[in-house]
Every structure is written in C-alpha cells, then in structure tokens.
Amino acid sequence: MVASRAIGSLRRFAASRTLRCPGYTCRNFSASSALLTRTHINYGVKGDVAVVRINSPNSKVNTLSRELQSEFIEVMNEIWANDQIRSAVLVSSKPGCFIAGADINMLASCKSAEEVTQLSQEGQRMFEKLEKSTKPIVAAISGSCLGGGLELAISCQYRIATKDRKTVLGTPEVLLGILPGAGGTQRLPKMVGVPAAFDMMLTGRNIRADRAKKMGLVDQLVEPLGPGLKPSEERTIEYLEEVAVTFAKELSDKKISVKRDKGLVEKLTSYAMSIPFVRQQIYKKVEEKVQKQTKGLYPAPLKIIDAVKTGIEQGNDAGYVSESQKFGELAMTKESKALMGLYHGQVLCKKNKFGTPQKDVKHLAILGAGLMGAGIAQVSVDKGIKTILKDATLAGLDRGQQQVFKGLNDKVKKKALTSFERDSIFSNLTGQLDYQGFEKADMVIEAVFEDLNLKHRVLKEVEAVVPDHCVFASNTSALPISQIASVSKRPEKVIGMHYFSPVDKMQLLEIITTEKTSKDTTASVVAVGLKQGKVIIVVKDGPGFYTTRCLAPMMSEVLRILQEGVDPKKLDSLTTSFGFPVGAATLVDEVGVDVAKHVAEDLGKAFGERFEGGSVELLKQMVSRGFLGRKSGKGFYIYQEGVKNKSLNSDLDGILASLKVPPKSDVCSDEDLQYRLVTRFVNEAIMCLQEGILATPAEGDIGAVFGLGFPPCLGGPFRYVDLYGAQKIVDRLRKYEAAYGKPFTPCQLLIDHANSPNKKFYQ
Amino acid sequence: MTSILTYTLKNLPSTSKWALRFSLRPLSCSSQLRATPAAQTKSKKTLAKPNIRNIVVVEGVRIPFLQSGTSYKELMPHDLARAALLGLLHRTSVPKDVVDYIIFGTVIQEVKTSNVAREAALGAGFSDKTPAHTVTMACISANQAMTTGVGLIASGQCDVVVAGGVELMSDVPIRHSRKMRKMLLDLNKAKTLGQRLSLISKFRLNFLSPELPAVAEFSTSETMGHSADRLAAAFAVSRLDQDEYALRSHSLAKKAQDEGLLSDVVPFKVPGKDTVTKDNGIRPSSLEQMAKLKPAFIKPYGTVTAANSSFLTDGASAMLIMAEEKALAMGYKPKAYLRDFVYVSQDPKDQLLLGPTYATPKVLERAGLTMTDIDAFEFHEAFSGQILANFKAMDSDWFAQNYMGRKTKVGSPPLEKFNNWGGSLSLGHPFGATGCRLVMAAANRLRKEGGQYGLVAACAAGGQGHAMIVEAYPK
C-alpha cells in the first residue's frame, strides 16, 4: 500500500516539476489573456517560443481578411514586446490550409485604385516588419499556402512545410488578373531567383512541398504522419508544430543559420543575374513570351514583370511603390473583375446545391469505351469508384482500357503518381463486353455513338439488368435527354451528363435535367461529377442544351466566314487574338467535322432561321471526302504525328471555291469578323437564360469559359455584357442583322439590359 | 496488494524518465517473485485441444548472429543454413532419415540457391529423399517456416519437420540493369554476326549502372527506417525513450550472454577463420554516447538512429518440430508446445510496423488467454521506436476502436516480462532467421524463469505481422 502511494506522489512530483520549467514539456502553455478575446488568431508560449495559431472561425480556409491582419499585428506586437519570448512559430490549426490567400471580397469592396494601393501598402509594411524581426519567426506550413499566405511565409526567417499532396505553395494572383501585392514581387526573386520567381508569378502554378524545398522556397520538410493516439491530420499538425518549435529555438540560439547552402546551378544563376546585360535579356525574353501567350489581352503579367524589374534595378523602395501602385491599377481593370467573377463562379459550381444523394455511388458502369467513355472511366477510377467499362467489341474495349492506362501512366511519368498507385487505381477498372455485374451498379453512364435508336436500345438493355435505384446518365452533346428518356420505364432516373473532350483535362461537366428527372437523381450525378473533380453546371433539357446551343450559331458563322473566302489560318488567328484559347477552324477539327455536321443539322432543324449562316454543305462534303478533323488526320488542317506546325489541307480549296459566297464589305473588317462570331455566341447564351435553360448567369459564364473556351479575360458572355455594356452589343448585332437578317436579331433579355443600363446580370 | 502494485506499474507512462523506471526495477522483481503462485490462477491450464495433435519443439539452435561484413562475409547463405542444421543434428542426434520435411525462411535471396533449404539440407547430409522448400515473408519468414511445419504435422502429412531461417546481408545480389540484361539475353538469341554487332552497337554506358536490391517498401517506396521514424513521431515516442529502450536491450542481452542464458547458440567453425561462439552485435553504450548520433533517416530532426535500430546481420537458425507422440516415442524431452498462431496485415504505409499490435489480441483471443496469462513476451525489435509505438498502440482504446475494430485495448506487455534476454536490437536480426530465435528465447525463458505461456510477436515489411503462443512443456 505504502509503496503505491509513494509512486503516486512521485508521479505527481514529476508532473509539477515539468510545469515549473516550461522548457521541458511541450503541452503546457503559459496562458495568455489574449487567448479568449481574439477570433482568428491566438497564441501560446512553449518555453521561449511563441506559437501563433491561425484559425478563422466558420470557414474551411484561412484568408488574410482585415480582422485577421489586425489581430495578427496585435499578436506580433505583443510577442516583440515580450522579453520572455525569443522566437515565434506561425501555424494554422486547420488541416489542409495554412493561409489560402488574401480575402478577395476585401479587394472587391474597394472603390478606387488608391484604396487598393493602400491595402497593398499596409500588407507590405506588415510583412516588412516580419522580415526585419530580430526574433526569428518560423512559418510551419501544412496545406495550401497561396497568394498572401505565401507572401507572409516568405517574410518569415524560416519555413517548414508538410510533405503531402495538400501542401502547395504558389502565387495564383495572376489568374485573378492581379499581382502579389504584399511584397511578393520583391521578395520572391531574391528567394528563388529571378527565372523561377517569374515562372511562379506568371503562371500562378501550385508548387508541391518537395519541389519547393528544392527551389529554396522552404527550408525543411516534415513527413506526414499516420494515425497514432490521434487521427493522422491532427497529429501531423501537432508534429509540424513540435518540429517548428525545435527549429525556432535553434534559430534563436544561433545553432543553425537561416542562410541556405546554394547548389552550383543556383550559384551560377545568381552570378549571371548580377550582370545587367543578362538581366535585360531575361526581361526581354519573358516579356516576349508573355506577349505571345496573352496576345496583349491580359495586363497583369506585364505589370508583374515591371514590378520585379523596378525592384531589382532601382531598389526595394521603388519596387514596393511600383508593386502597390500596379496592384491598385490592376484590381480596377475589367480583366481582373472578369477573372475574379470566374473564380467566384467556379467556387459556386463546385458545390452540390441539390443536397446529399440518398445513395453514394460506389459502383459505376460506363457503356462505350470510346474517347469519352474511357475518359470518364479514367477520372472515376482514380477517385476510387469501382468502374465497369463495357464496349460492344474487344477491339474497342482494348483501345479504351489502353487510353485509361496511358492517362494514368502519364501521371507516373510526371511523378504525380507512383507506379504502384497507378496499378492499384487501374484495378478499379473492369473491362467487359457483357452486362455482368450491372446488378450492382449505382449509376450507368452511356457514352455510345450519338444515335437516338442506339441510345434507346442500350437504355432498354440496361434497365433490364440494373437495380431500381440505379441512375441512367446519357453522355451526349446534342440529343435531347427527354427523347432518350421517352423509352424508359423510370424516366425520373434518366439524366444527361455532357462531358467535354478530353475528359481528364476539361474541367466542365454539363448536367441536363428533364421535366421528369428527380431531384435525388440530379443530386447523385452532381455528387459523382464533383468527385470526378468537375466544375458543374446544371441546365434544362432542350436542343443543344446550353453549351452546344451557344457554340452552334458561332460555328454557323465560322462556315459563312470561310465561305466568304477567309482562310482557316486567318480565322484562327482572329479568334485567338480575341482571347479564345483555340482558333475557330481548329476547334471544328478538334471536335470532329462529322460531329459538327450532326449538330449543325439537328439544331438547324430545331431552331430554323436563327441558326442559319454558312452552308452545312461544306461540312457534308468534307465528311464525304473523309476530312473528319484531327481524328482522321485531315480536316481544315493536315495532322501528322510528330509535326508541330500543321499545314492547311489544300484538298479543301476546291470545296471552298465551289461554295464561295461574296463577302459584304461593310461587315468584313477583321474586327467585324470577330464580333460576328462573338455576338452570336453571347446572344444565344442570353437567350438560354431568357428561356430558363440556364438557372443562373454564373453557370452560363462558367459553361462558356470552361467548356467552350470563351475568352476568360471577358469573364463569360454574361460578365462580358455587364462589363462592356449591353447597348454596345446590341448595336453590333443590329449592324450585322441589317446585313444578314435574323441570325443576328438580339434577344429580348439583351434588349432589356440595353434599355436600362442599371440592369446587370451580376448585381 | 500485489494487484494494486502491478496495476500501478503498468500504468506508468512509458515516457517517464529512465531513472524512475530504474528505481522501480527492484519492485518489479518482487512482484514477479510473488507472481509465481499466481500461475495457478491462469485462465487455462493448457492449450491442448481435443482431436488435434500436440506439436512440440524438441530443440532449436542458431549459429551466432554477426554484424554483416564480419566473420561470415566470405560465405554463402546455404553455408550458414548448413551450419545451423549441423548444429541441430549434433544437439539432438536425430537420425537424418526420420526427418520428413525441411523448410527454411529467407528474405534477400541468393539467386544461385533460390531454394536454400534444399541446398543446405543436401550439404548437411540429410537424405536426398527428404523434400525441402524455402518460404519468404520478410522478417517473419522463419515464423512462416515453423507454422508451415506445424500445419504439415497437424494435418498428419508429416511427423518430423525441421524449420529454420537464414540471412546473409554481407552479400546481396546486385544485378545488371534491365537494359543490360535485355541486351545480353538478346545477344544470346542472336544468330548471325550482323545481328550481334547491331545489338552491341546499341550499348550505352548507362547500361552498366547496377541495380541494387530494394531497401524500400515496394508499394510505398519508403524505407523501413523512415517509416519507423514516422511511426515513432505519430505515437509521440521521444528520442530519449528510444535510446533508453535500446540501451535496455543491449544491457539485457549482455547480461544474458555473460550468464550463459543464450543456450540456443551453437558454435560455428568458419572455414579459414576462428570458430565463432557468440553474437557480436551486443554493445551496451551510454545514453550520452547514443545522444550524439545523428538521425539516420529523417534528417535533421528525426529520432531513429543507428543506435536505436536493429543492425544488418548474418545468421541462421534451425528447429526440430515433432508431433508430441513421435517425440516421446523417440525418447525426447520436448522444450515447448507450439500453440495458436495468427498472421495479420495492415496499411503498409502508416502502420508498416504495427503487426504485433494487431496480432497480439487476436492470438490471445484464439487461445482463450489474456495478457496476464503470459509469462514471457518475446517481440521482434526492429527499432526501439517501433516497439514503443506498439506499446502505445496496444495501450490505446482509441486506436483499438478506430483501427482494429475492437471495443477495448489489449494493454501493453509489462516490461519486466518483455524480451528479458535482449532482442533484435542487440542480438541482431538476420531477417529470415529471427523467428526461430524468438520462439526458442520464449521456450528457454519459460524453462529458466518458470511460467507456462510465452507470446511471440513480430512485424514484417509489407505491413504484416505474426504472433504465436508458446506453452512450456511440463518438466
């Protein structure tokens, strides 16, 4: 008895002793009064290290909002003033997110460039204080560290990051049409070298932790932990913090230095960069490249180059001034508003507004192992969905399975997957020629040839074998879903899923509901689409739904322009210089001339006069000659394996000559040609909203940009009308209407917006 | 009183200071002395099952385990295996023709002797009519050899089986690169000089870069030490705890060696060298010395070092297993029964080395025993951090509920019954041979220290694990 009591007191003694010397244990904080009063940030002290924890309430991510910034400054001031504290660690309490960037709404609420510039200057000042801190600050990064978050991290003396897939660093500002405005353009080049800094800031790409370590963007990596006495994520953050505290101590004790050993290549680069001539050449090179890629449509990249240049050539102070001014200017541009609009739209289209489906889709079956079917299979198996890929022939199935394997294997080559992961993902796929196992399918997506009779046949076959709850989704670009559903025993389970090719690259998924489709069916396909990583718009059924319907009139105009004697190369350059990522003629080749013909005929029938323009005869003749586009090697262009510069298909000259129509000189300037294409697109998009095909303008913009390549700098057809004025578009349409008639008649909703300039699609 | 005492002991956090633990040592001894009468209160008197043959270990031996690159470095794996077999023959005087079957475990295979069991058996003079095969299951290969033998006897196929294991880390197969191999194979097939020349013309210098046997887990590309370091961190096992545990292992092994307790070791006259009589990896050091070492895997802040990991080892072991009635008929006095065993497997990334945690409750359940019934624990020590992480996992209800689908924890083994004669950290760990050493250590400890049940457990690459109950043979 006595013995056990003795041990008990021993244990208690041990515990109290550790409390008294705080350097020993990690778990005891000396309480701070601030702990209770702040909402975004709190801090505790471990020994002589302050641990600042960032955790914005009610949000999955931390963003640099005004409140967070002011609390951060308060906390840091306390830490600097406290003699007991010798170093600090910054860490987020949210798994998967350090700081995701500045608060976009904070920028959006600014009325003038000056206001934004001031915001930028505040940020610059805050981070400069961090940079000059005599107490070393260690950023412990787990999860996304983007934009302002990265700028914060690189102002610290030391960075430690978790080496997992969720941890990414980057400066995505350029994708929003702005620049890193809190010292990023000045600090980043010094940290990773000018070329790497340009690459980061101009592409906005995410950099994974291990790559960041190699670049010198972070100093140490921490391996993610498995489960121990706590869930993995929780323990990993705790461990990251423990490691960071150790390093913070060693930094303040000067046991380690913040200076990094540079490799030979790095040394050589930094030596080269010290030569003014080399620097000038690099600026020039980068500017040329940017010009070529943006066609001058995006102002942000050039200003980023400018701000970096100013900092390097004229010193920090000038650099900061330049950065903040340009930040202000950029935030007020139409391009940045358009891009931010797209960002918001994308966030919106990544949510399932139809609620949680009753049944989680675990078994998926895909009919047709063609380009689309195999693509859908690929984006499903790598999310862990057991997928059956069924085709009618062994050769077709082979090709499809090979496509999935190649898609995964390419990721292995890029080191995004290990070969083992590839194999285990690939084992989620079953290729077969019969309906075995369909009795377990929760969802069937058919991607068979675009032929109504065939689709009816497979629908009936599928319904005979699948369980009652199974959803039947049709991947079609133009066949109305209600027509497909007409032979179904359970039309409430039938829905359209329009994927875009190539499925693993294109982000958009257009979901088409009929009058009869149930809400749970919609919720279920949206859930699957989101799992597949898609941005989703949900539209009503109708000929061409939304995306194909917008594209068709533009394509009709493409044909007319070609018939008027403009050659495909010129047409391509006109469309790309307007901001489309792919030229109009090339697009037809990519989509497939036969598909385009199909769509043009179907929609031509459905919409009549309004869809007129060029003659479908052109497409018909091309199809009959076997010019099906890229897939057949010939279309408007000739495609050869390994040849980069494609040349025009001269066999087409005869066909074009025979179908030539005289151009109308007053609507044939380059600019007119561009606007004839774009206005028809925009007009049709707005008509879709008017008719209720589209539920919201945001979905319309997302669909147009992510599915059809509508110029992102314009933000999509609706944002474009809002930013540039409905009246201007109506004027253009009227001018072309005078020349060509009905296809250019502006729709009522557009006219309404032109008549009352206060009316906006986005309030 | 006793129960309160042991309770307190078990609940001491394993993070407590070494000094504290040391001060408890005399206490634990006294509790153990008093625990002797408690042996009668075991939940089961024996694990014999009706209608199932009792299987016994007659004897088990091993040649001394040496650090790789020392006395065995010129030999081949079957040489070591043969030495172990000869040692067993010598110790037991078993007539060679009585042996029905021979099974050996090995991990890194010498391609020339891929069925090393057969080559060693022939060399050791066993009948060429005795079949032999080789099994591989990473660090539990010898366990697999033994349990395969158990299966053969239990099913009535055999009466007498020799099981063992061997590993020679002094020499590993380093291959030509795939490209070089392909060219050589194609050259073999080429018929004309022209074909040969055209093949040779495709030769590039990088064909010569050799291919080393993988030290990393194939599925995750992570080395085991790296995984052990992460495991230790996941369970918040400190560097000091690990060093202390390693020191314990070395100290106990040294003591056991000095007191002559390691009776399973048989001397091996290495051709051209002196006779090797004892393990050479036992090196009790001091905590200060150990603290100086830099982490070996996760640099610069990890906790797994050379001093708290098992080292690369050469060695072999062999064991004579029989049906009880056969052993008695032949006049042997068996050492122990081999009872229930399990194999488990789990996530090869984050739980690579947690095999014992998963296997222990399962095997106890199967045998109808509890932790308190066990008198001798013999766990394979891959890394200090791995052992301590397993202790913590076994002692966590949260872990049991969330990862093992169990209602409660099984509890961690009491340290005073755990690896009392050293473990893989100090004695060495020839991958394929360790399993037999564990079983023999448990059997010999039960005979020496008294007690009825021993529990053997081990983790293995691939995220697998094994546990077996060893029951002392009544004296």
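About the thresholds
Residues numbered from 1 in each chain as written. Chains lettered and ligands numbered in written order. Predicted model: local features only at pLDDT ≥ 70, side-chain atom pairs only at ≥ 80, totals over all residues. Heavy atoms only, no water. UniProt positions renumbered as here; feature names shortened; annotations may be inferred. Pairing = 2+ DSSP bridges. Helix = DSSP H or I, 4+ residues; strand = E, 2+ residues; numbered from the N terminus. Contact = heavy atoms within 4.5 Å. Axes fitted to C-alpha atoms, helices over the stretch in contact; angles between N-to-C directions. Buried < 20%, exposed > 50% of the residue type's maximum accessible area, 1.4 Å probe, protein only. Parallel < 35°, antiparallel > 145°, perpendicular 65-115°, else oblique. Left-handed = near helix turned anticlockwise from the far one by under 90°. Nonpolar A, V, L, I, M, F, W, Y, C, P; charged D, E, K, R; others polar.

Under an unreviewed UniProt entry, chain B has the name Trifunctional enzyme subunit beta, mitochondrial and belongs to Puma concolor. Note on chain B: under the UniProt heading Sequence similarities (unreviewed entry), the record states "Belongs to the thiolase-like superfamily. Thiolase family."

Going by the annotation in an unreviewed UniProt entry, the name recorded for chain A is Trifunctional enzyme subunit alpha, mitochondrial, with Puma concolor given as the source organism. Turning to chain A, the UniProt record has this under Pathway (unreviewed entry): "Lipid metabolism; fatty acid beta-oxidation." Here is the UniProt Subunit (unreviewed entry) comment for chain A, exactly as written: "Heterotetramer of 2 alpha/HADHA and 2 beta/HADHB subunits; forms the mitochondrial trifunctional enzyme. Also purified as higher order heterooligomers including a 4 alpha/HADHA and 4 beta/HADHB heterooligomer which physiological significance remains unclear. The mitochondrial trifunctional enzyme interacts with MTLN."

Chemist: I'm lost on the sheet that holds strand 8 (residues 168-170) of chain A in this one. Help?
Modeler: Working definition: the strands of a sheet are paired by backbone hydrogen bonds and lie parallel or antiparallel to each other. Residues and elements named next belong to chain A. Overall, mixed pairing links the four strands, which are arranged 4-6-8-9 in an open sheet. The two strands at the open ends of the sheet, each matched to only one other strand, are strand 4 (97-99) and strand 9 (207-208). When strand 4 meets strand 6 (residues 144-146), the two strands line up parallel, connected through two bridges. Its bridge partner being in strand 6, Cys97 is matched across the sheet by Ser144. Those strands touched by helix 6 (residues 148-155) are strand 4, strand 6 and strand 8, and its axis lies near 85° from that of strand 6.

Chemist: Would you mind showing me how to read the side chain of Ser219(B) here?
Modeler: Structurally, Ser219(B) is set in the loop between helix 7 (193-200) and helix 8 (224-234). Among the residues examined, Ser219(B) registers a relative accessible area of 15% and is labelled buried. Non-local contacts of Ser219(B), meaning those with residues more than four positions away in its chain, are made with Phe420(A) and Pro348(B).

Chemist: Looking at this structure, I do not really get the packing of helix 7 (residues 184-192) of chain A against helix 8 (residues 194-203) of chain A. What am I missing?
Modeler: When two helices pack together, their arrangement is given by the angle between the helix axes and by the axis-to-axis distance. Residue and element names in this part refer to chain A. Contact pair helix 7 / helix 8: the axes reach a minimum separation of 7 Å and the direction vectors enclose 135°. The angle between the axes of helix 7 and helix 8 places the two elements in the oblique class. Judged by the sense of rotation from one axis to the other, the crossing of helix 7 with helix 8 is right-handed. Where helix 7 approaches helix 8, its residues Gly184, Thr185, Leu188, Pro189 and Val192 are matched on the opposing element by Val194, Ala196, Ala197, Met200 and Met201. Of the residues contributing to the contact of helix 7 with helix 8, the split by class is eight nonpolar, two polar and no charged.

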